Amino acid sequence: MTGDDSLALDSITSDYRFMLEYDVSMLEIALAAVSFEDCSLDDAVPLDRASVAYDCWLEALESLHPGHRFRGFGLSDAELADDDLLGRLLPTVLFDGGSCRFIRSVVAAVNGYRRNHRG
């Protein structure tokens, strides 16, 4: 690993820690909700809606915090197959109360899951 690789890894770790420990703002949720509403998800399965909602929040985070690379932290296939995460996301999908509330619930569920499962 070169010095540049080490700096890149430190940056990624820092971005990930920031994302998990940062208090979500209403501005981020509102920006994510606007982006989410622009997505055509009428026929999407509920888990896809949750994944897109989380990606919209990551995009909003990245636009409001230049220099960070949050888009690379979308939900992985392994996470989407994990019963613990599915259990956390199920209530958000079943009781969708509008885009802002839905995105806030998805972000809380995913970040809570990741805090409990990081090594």
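Residues numbered from 1 in each chain as written. Predicted model: local features only at pLDDT ≥ 70, side-chain atom pairs only at ≥ 80, totals over all residues. Heavy atoms only, no water.

1. What to know about the overall build of the chain
When you go through the chain residue by residue, the secondary structure sums to 6 helices and 0 strands. Secondary structure of the chain in N-to-C order comes out as α-α-α-α-α-α. Burial analysis of the chain (119 residues in total) assigns 32% to the buried set. Contacts spanning at least 24 positions in sequence make up 72% of the contacts within the chain whose residues lie at least 6 apart. Per element, the accessible surface of the chain, about 6,900 Å² overall, is 54% carbon and sulfur. (Helix = DSSP H or I, 4+ residues; strand = E, 2+ residues; numbered from the N terminus. Buried < 20%, exposed > 50% of the residue type's maximum accessible area, 1.4 Å probe, protein only. Contact = heavy atoms within 4.5 Å. Areas by Shrake-Rupley, 256 points an atom, 1.4 Å probe, with all protein chains shown as cover.)

2. Considerations on the packing of helix H3 (residues 46-64) against helix H5 (residues 83-94)
At a minimum axis distance of 10 Å, the contact between H3 and H5 shows a crossing angle of 95 degrees. Viewed along their axes, H3 and H5 adopt a mutual orientation that is roughly perpendicular. On H5, the residues that touch Pro 46, Leu 47 and Ala 50 of H3 are Leu 86, Leu 89 and Val 93. The residue makeup of the contact of H3 with H5, split by class, is 6 nonpolar, no polar and no charged. (Axes fitted to C-alpha atoms, helices over the stretch in contact; angles between N-to-C directions. Parallel < 35°, antiparallel > 145°, perpendicular 65-115°, else oblique. Nonpolar A, V, L, I, M, F, W, Y, C, P; charged D, E, K, R; others polar.)

3. Structural notes on helix H2 (residues 26-37)
In a regular helix each residue adds 1.5 Å, so 12 residues correspond to 16 Å; H2 covers 16 Å between its end C-alpha atoms and thus fits that length. Of the positions making up H2, those classed as buried are Glu 28, Ile 29, Ala 32, Ala 33, Ser 35 and Phe 36. Along H2, the residues classed as buried sweep out an arc of 165 degrees about the axis, all on the same side. Residues Val 34 and Glu 37 are exposed on H2 and point more than 90 degrees away from its buried face. Here the buried face of H2 lies against H3 and helix H6 (99-117). (Expected span 1.5 Å × (residues − 1). Arc of directions from axis to C-beta.)

4. Let's talk about the nonpolar core
Phe 36, Tyr 54, Trp 57, Leu 89, Ile 103, Val 106 and Val 110 are the most contacted members of the largest nonpolar core, which totals 25 residues. Elements with a contribution of two residues or more to this core: H2, H3, H5 and H6. No other element matches the 8 residues that H3 contributes to this core. Once residues within four sequence positions are removed from consideration, Leu 89 is found in contact with Leu 47, Ala 50, Val 106, Ala 109 and Val 110. (Core = buried A, V, L, I, M, F, W, Y, C linked by side-chain atoms within 4.5 Å.)

5. Examining the side chain of His 65
The residue His 65 is located in the loop between H3 and helix H4 (77-80) in this model. A polar contact of 3.1 Å, which involves the side chain of His 65, links it to the side chain of Glu 28. (Polar contact = N/O pair within 3.5 Å; in protein donor to acceptor, adjacent residues only side chain to side chain.)

6. What to know about the confidence of the model for the chain
Confidence along the chain averages 77 in pLDDT terms, with 77% of residues attaining 70 or more. Model confidence for the chain, summarised as mean pLDDT per element, is weakest for helix H1 (residues 3-21) at 53 and strongest for H4 at 90. (pLDDT = per-residue confidence, 0-100.)

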